[in-house]
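Listed below, chain by chain, are the residues.
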Amino acid sequence: QVQLVESGGGLVQAGGSLRLSCAASGRTFSNYAMGWFRQAPGKERRFVASITWNGGSTSYVETVKGRFTISRDNAKNTVYLQMNSLKPEDTAVYYCAAQRRALTAVAGHSISDFSSWGQGTQVTVSP
């Protein structure tokens, strides 16, 4: 099991930027793909982005492509989500997650692909 702690959320105006961080401890961070999900009030938790264990491949939901960038630093056991050109519809609680299986060629997109979750960090984008 891995423990995940997100940080970096906050209140920002539309068009602004935030960088979320997720610090991992426990199992070998560098062996597992990581993902970011978000959950808006009254809605289901949804996939945002994921990155393979070595950072060689990334994937994004269509609505954030070109605005968000996922990256990782395996030496620091940390995954990041750089969010630019934020929109009010990006408002949600953002969760990082560690994939269930190690050393996969592609990173997952489904909640069921991930076995460990952080507590979430609130991102609020004002108009």
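Residues numbered from 1 in each chain as written. Predicted model: local features only at pLDDT ≥ 70, side-chain atom pairs only at ≥ 80, totals over all residues. Heavy atoms only, no water.

K.L.:
Break down the state of the cysteines for me, with residues and values.
P.N.:
Inspection of every chain in the model, using the stated rule, returns 1 disulfide. Put simply, Cys22 and Cys96 are joined by a disulfide, and their sulfur atoms are 1.9 Å apart. As the torsion about the S-S bond is roughly 40°, the Cys22-Cys96 disulfide counts as right-handed. With Cys22 in strand β3 (residues 18–26) and Cys96 in strand β9 (residues 92–102), this residue pair connects regions lying 74 residues apart in the sequence. Given the relative accessible area of 0%, Cys22 is considered buried. (Disulfide = S-S within 2.5 Å. Helix = DSSP H or I, 4+ residues; strand = E, 2+ residues; numbered from the N terminus. Buried < 20%, exposed > 50% of the residue type's maximum accessible area, 1.4 Å probe, protein only.)

K.L.:
Which residues make up the sheet that holds strand β7 (residues 68–73), and what are the values?
P.N.:
The 4 strands lie next to each other as β1-β3-β8-β7, forming an open sheet whose pairing is antiparallel. Both outer strands of the open sheet, β1 (2–7) and β7, are each paired with one neighbouring strand and no more. Neighbouring strand axes in the sheet, compared pairwise and without regard to direction, differ in orientation by 15° on average. Across 6 bridges, the pairing between β3 and strand β8 (residues 78–83) is antiparallel. Pairing of Cys22 across the sheet is with Val79, part of β8. (Pairing = 2+ DSSP bridges. Axes fitted to C-alpha atoms, helices over the stretch in contact; angles between N-to-C directions.)

K.L.:
Give a detailed account of the pattern of salt bridges, specifying residues and quantitative values.
P.N.:
Enumeration according to the criterion identifies 3 salt bridges in this entry. Between Lys65 and Glu62 there is a salt bridge whose closest N-O contact spans 3.2 Å. Looking at Glu62, the relative accessible area reads 58%, which means it is exposed. Note that Arg67 and Asp90 form a salt bridge whose closest N and O atoms lie 2.7 Å from each other. With a gap of 23 residues between them, Arg67 in the loop between β6 (58–60) and β7 and Asp90 in the loop between β8 and β9 connect regions that are remote in the sequence. There is no split in this pair, since Arg67 and Asp90 are both buried. The network of salt bridges with common partners includes Arg38, Arg67 and Asp90. (Salt bridge = Lys/Arg side-chain N within 4 Å of Asp/Glu carboxyl O.)

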